[in-house]
Amino acid sequence: MSVVRIMLDPVACDAYGYCAELLPEAISLDELGYPVVDGKPLPPELAAAARRAVRDCPRRAITLRERPGGH
Amino acid sequence: MVSVDQTVAAPGRYRILGHPADLAGHAAALGPLPLPRSPGRDWREAFVGSLEASGLTGRGGAGFPAAIKLAVNRAAGSGGTIVVNAMEGEPASDKDKLLLIRSPHLVLDGAQLLAAVTRAAQVIVCVPEGREQVAAVVAHAMAERAAARWAPVPEQLVRPPDRFVAGEESALVRWIETGRSLPSFRPDKGTPLRIGRRSALIHNAETLAHVGMIARFGPDAFRSNGTTDDPGTSLVTISGAVEHPGVVEVARGTALLDIAARATPLGPPRALLVGGYGGCWVGPDNFTTPYASLPLRTVGASAGVGVLIVLGRESCGLAESARLVHYLAGESAGQCGPCVYGLPAIADDVTRLARGTADSDLLPRLDRRLREVSGRGACRHPDGAVSLVRSALTVFQADVQAHARGVPCPHWNRPTRMRFPVGIGAA
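Residues numbered from 1 in each chain as written. Chains lettered and ligands numbered in written order. Predicted model: local features only at pLDDT ≥ 70, side-chain atom pairs only at ≥ 80, totals over all residues. Heavy atoms only, no water.

Right, let's get into the overall build of chain A. When helices and strands are tallied, chain A shows 2 helices and 4 strands. Its helices and strands taken in sequence order, chain A reads β-α-β-β-α-β from the N to the C terminus. Relative to a compact globule of 71 residues, whose C-alpha radius of gyration would be 11 Å, chain A shows 12 Å and is just as compact. Taken along its principal axes, the extent of the C-alpha atoms in chain A is 35 × 20 × 20 Å. (Helix = DSSP H or I, 4+ residues; strand = E, 2+ residues; numbered from the N terminus. Rg over C-alpha atoms; globule rule 2.2 N^0.38 Å.)

Take helix α12 (residues 317–330) of chain B next. For an α-helix, the turn length of 3.6 residues means that residues three or four places apart are oriented alike. Residue and element names in this part refer to chain B. Here α12 is 14 residues long and its end C-alpha atoms lie 20 Å apart, about the 20 Å a rise of 1.5 Å per residue gives. Where burial is concerned, most of α12 is hidden: 12 out of the 14 residues are buried. Listed in full, the buried residues belonging to α12 are Gly 317, Leu 318, Ala 319, Glu 320, Ser 321, Ala 322, Arg 323, Leu 324, Val 325, Tyr 327, Leu 328 and Ala 329. (Expected span 1.5 Å × (residues − 1). Buried < 20%, exposed > 50% of the residue type's maximum accessible area, 1.4 Å probe, protein only.)

Below, the discussion takes up the sheet that holds strand β9 (residues 280–282) of chain B. All names here are of chain B. With mixed pairing, the 5 strands of this open sheet are ordered in space as β7-β6-β10-β8-β9. With one partner strand each, in any of the chains shown, β7 (246–251) and β9 form the two edges of the open sheet. Pairwise comparison of adjacent strand axes, ignoring direction, gives a mean angle of 30° for this sheet. Where strand β6 (residues 233–240) meets strand β10 (residues 307–311), 4 bridges bridge the pair, whose relative direction is parallel. (Pairing = 2+ DSSP bridges. Axes fitted to C-alpha atoms, helices over the stretch in contact; angles between N-to-C directions.)

The next point concerns the pattern of salt bridges. Applying the stated criterion across every chain yields a total of 31 salt bridges over all chains. Between Asp 348 of chain B and Arg 352 of chain B there is a salt bridge; the shortest N-O distance is 3.1 Å. Here the residue Asp 348 of chain B and the residue Arg 352 of chain B both occupy positions in helix α13 (residues 337–355), the gap between them amounting to 4 residues, near one helical turn. Asp 348 of chain B gets classed as partly exposed once you look at its relative accessible area, which sits at 34%. Across the pair Glu 372 of chain B and Arg 368 of chain B runs a salt bridge, and its minimum N-O distance is 3.8 Å. Placement of both Glu 372 of chain B and Arg 368 of chain B in helix α14 (residues 362–373) is noted, with a separation of 4 residues, approximately one turn of the helix. For Glu 372 of chain B, a relative accessible area of 18% gives the class buried. Take Arg 368 of chain B: its relative accessible area is 31%, and that puts it in the partly exposed class. Salt bridges here are not isolated pairs; linked through shared partners, they connect Glu 31 of chain A together with Asp 349, Asp 359, Arg 365, Arg 368, Arg 369 and Glu 372 of chain B. (Salt bridge = Lys/Arg side-chain N within 4 Å of Asp/Glu carboxyl O.)

Turning our eyes to something else, we now look at the layout of surface pockets. In this structure, the second largest pocket spans a volume of roughly 680 Å³. Lining the second largest pocket are 29 residues, and of these Met 7 and Leu 8 of chain A together with Phe 185, Gly 375 and Arg 376 of chain B sit closest to its centre. For the lining of the second largest pocket, the elements supplying multiple residues, two or more each, are β1 (2–8), β3 (35–37) and β4 (62–68) of chain A. For the lining of the second largest pocket, the element with the highest residue contribution is β1 of chain A, accounting for 5 residues. (1 Å grid on protein atoms, 1.4 Å probe; cavity = no way out; pocket = protein on both sides within 12 Å on 5 of 7 lines; lining within 4 Å. Points joined across faces, edges and corners; volume = space filled by probe spheres on them.)

Right, let's get into the packing of aromatic side chains. All names here are of chain B. If you walk through the whole model with that rule in mind, you get 9 aromatic pairs over all chains. Taken together, a centroid distance of 5.8 Å and an interplanar angle of 50° make the contact between Tyr 277 and Phe 420 tilted. With Tyr 277 in the loop between β8 (271–274) and β9 and Phe 420 in the segment after α16 (397–404), this residue pair connects regions lying 143 residues apart in the sequence. Pair check on accessibility: Tyr 277 and Phe 420 agree, each one buried. One aromatic cluster in this structure is built from Phe 164, Tyr 277, Tyr 327 and Phe 420. (Phe/Tyr/Trp six-rings, centres within 6.5 Å; stacked < 30°, edge-to-face > 60°.)

When pLDDT is averaged across chain A, the result is 90; 94% of the residues are at 70 or more. Averaged over each element, pLDDT in chain A is lowest for β4 of chain A (85) and highest for helix α1 (residues 18–22) of chain A (95). (pLDDT = per-residue confidence, 0-100.)

All names here are of chain A. Counted by the stated rule, this structure contains 5 cavities of 30 Å³ or more. Counted as a void, the largest cavity has a volume near 110 Å³. Contributions of two or more residues to the lining of the largest cavity are made by α1 and α2 (47–56). Tallied by class, residues from the lining of the largest cavity come to 12 nonpolar, 1 polar and 3 charged. (Nonpolar A, V, L, I, M, F, W, Y, C, P; charged D, E, K, R; others polar.)

All names here are of chain B. Taken together, 5 strands build an open sheet; the order of strands is β3-β2-β1-β5-β4 and the sheet is mixed. Two strands lie at the open edges of the sheet, namely β3 (155–158) and β4 (193–195), each paired on one side alone. Direction aside, the axes of adjacent strands within the sheet are offset by 35° on average. Examined bridge by bridge, β4 and strand β5 (residues 198–204) share 3 bridges and lie antiparallel to one another. In the sheet register, Ile 195 faces β5, and the bridge partner there is Arg 198. Packing against the sheet, helix α6 (residues 132–147) makes contact with β2 (122–126) and β3, and its axis sits at approximately 165° to β3. (Contact = heavy atoms within 4.5 Å.)

Our next topic: the packing of helix α3 (residues 66–74) of chain B against helix α5 (residues 104–118) of chain B. All names here are of chain B. Their axes nearest at 10 Å, the elements α3 and α5 cross at an angle of 45°. Between α3 and α5, the angle is such that the two are oblique. Note that α3 runs across α5; the crossing there is right-handed. Residues Leu 70, Asn 73 and Arg 74 of α3 touch α5, and the partners they reach there are Leu 114, Val 117 and Thr 118. A breakdown of the residues in the contact of α3 with α5 according to their chemical character gives 3 nonpolar, 2 polar and 1 charged. (Parallel < 35°, antiparallel > 145°, perpendicular 65-115°, else oblique. Left-handed = near helix turned anticlockwise from the far one by under 90°.)

Turning our eyes to something else, we now look at the interface of chain A and chain B. Contact residues are listed per partner, giving 13 residues for chain A and 14 residues for chain B. Of the roughly 1,200 Å² buried between chain A and chain B on both sides combined, carbon and sulfur atoms contribute 59%. Three residues, Pro 10, Val 11 and Glu 31 of chain A, lead the burial of chain A against chain B; their summed loss comes to 43% of the area buried on that side. Between chain A and chain B we count 3 salt bridges in total. The salt bridge partner of Arg 376 of chain B is Asp 30 of chain A, with a shortest N-O separation of 3.1 Å. Here the residues of the side of chain A that touches chain B sort into 8 nonpolar, no polar and 5 charged. (Buried area = accessible area lost by both parts, 1.4 Å probe.)

Right under this line is the structure:
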């Protein structure tokens, strides 16, 4: 069983905020509009929305990391 | 000095400070570079085993085990670079400057030994622009070594800009590669750093001096100081409300207050700042905490970059913290939003608190900002600022409560005891 986590590149991110709109279950915005990832493993039902958030980020700042096992 | 437990001894025969600065004296005192003419596999494995047995951890801030860092780098292939990190961007730290001026050959020996074991092609020493005395000593030492055939791989001195984050290891590698001093986003720290396609092994100057000692005298000599979990000696720069600020070499595990005593505090300290400007305040209840990684962690601190600042009774810990966060905010590399915008906002909150001009939302807002900034930069620069403020809110809790009710600190506008580069620090 593998676990998927959302990885945010803080250098690339410019606070467009699309990700929080596309994936509000896992990504919120701080007071200045920079995304905050909750860090939990991504539930499988959010996989499609997460792939869309990766694709639509204008700064290519989001990646999904898949790791085998429970951590 | 008082030892805190039976496993701790004051530095005896083993020490990294106080060896001769010239090559002839260095050779007479410590013997030749402990390296066979053509180091083979057996020598390399023995060296790796010895470093592992020593338990040496990095003295540049993160405290990462040197043997693990070496294993990661060895797996990345030969022909790389050993980078000596003498950037020492922390304004309150002098230990690496002093070490290089006093014992440049011990540091360079450590770099050559790691070059041999990783089959690296060169050693690069990074001393920031403006530190001409250190650079002159290192350049002279390199010339002596080249003339005496003491350097198996070429040694080169380079001069990156003197900025706080320039010494962060990914920023240093990037500067060597591109001339731009910016930290990189590295989600997996187990990936070796590279310069071009070749691996780069970066160590703080002090760590390399220990490597030079361990290779000569063995892991047990190193372990004759310190605790079982955190062996060896380390250099600490003491400043603040003390009579004799300066650098001391102490056994790991020495009680914090005994380390401070080496610099003669001007009175009973109000608090100690441990680890540097991105470190942690420690209050009187924890002054006897041993200076070793596990005990420090239980009080929320770490040895960090080996800085100990004594806060006197006449100083306000919150006002000093506010100045430090303003300084750290100004030293952001400017890449990550949470650091660029979060640190000035946090600095502003802490300043208002110290001045007694807090609004009723300040404490919950500050708490939220600290949570939001932590762990969200490419490097750990913002995390240091968060650690500093969090510890200030705990250690100076009584002051925080009074100031939040609008009572300003009577000491908030006193001149700072902290050291800042010229032209910085007026908060």
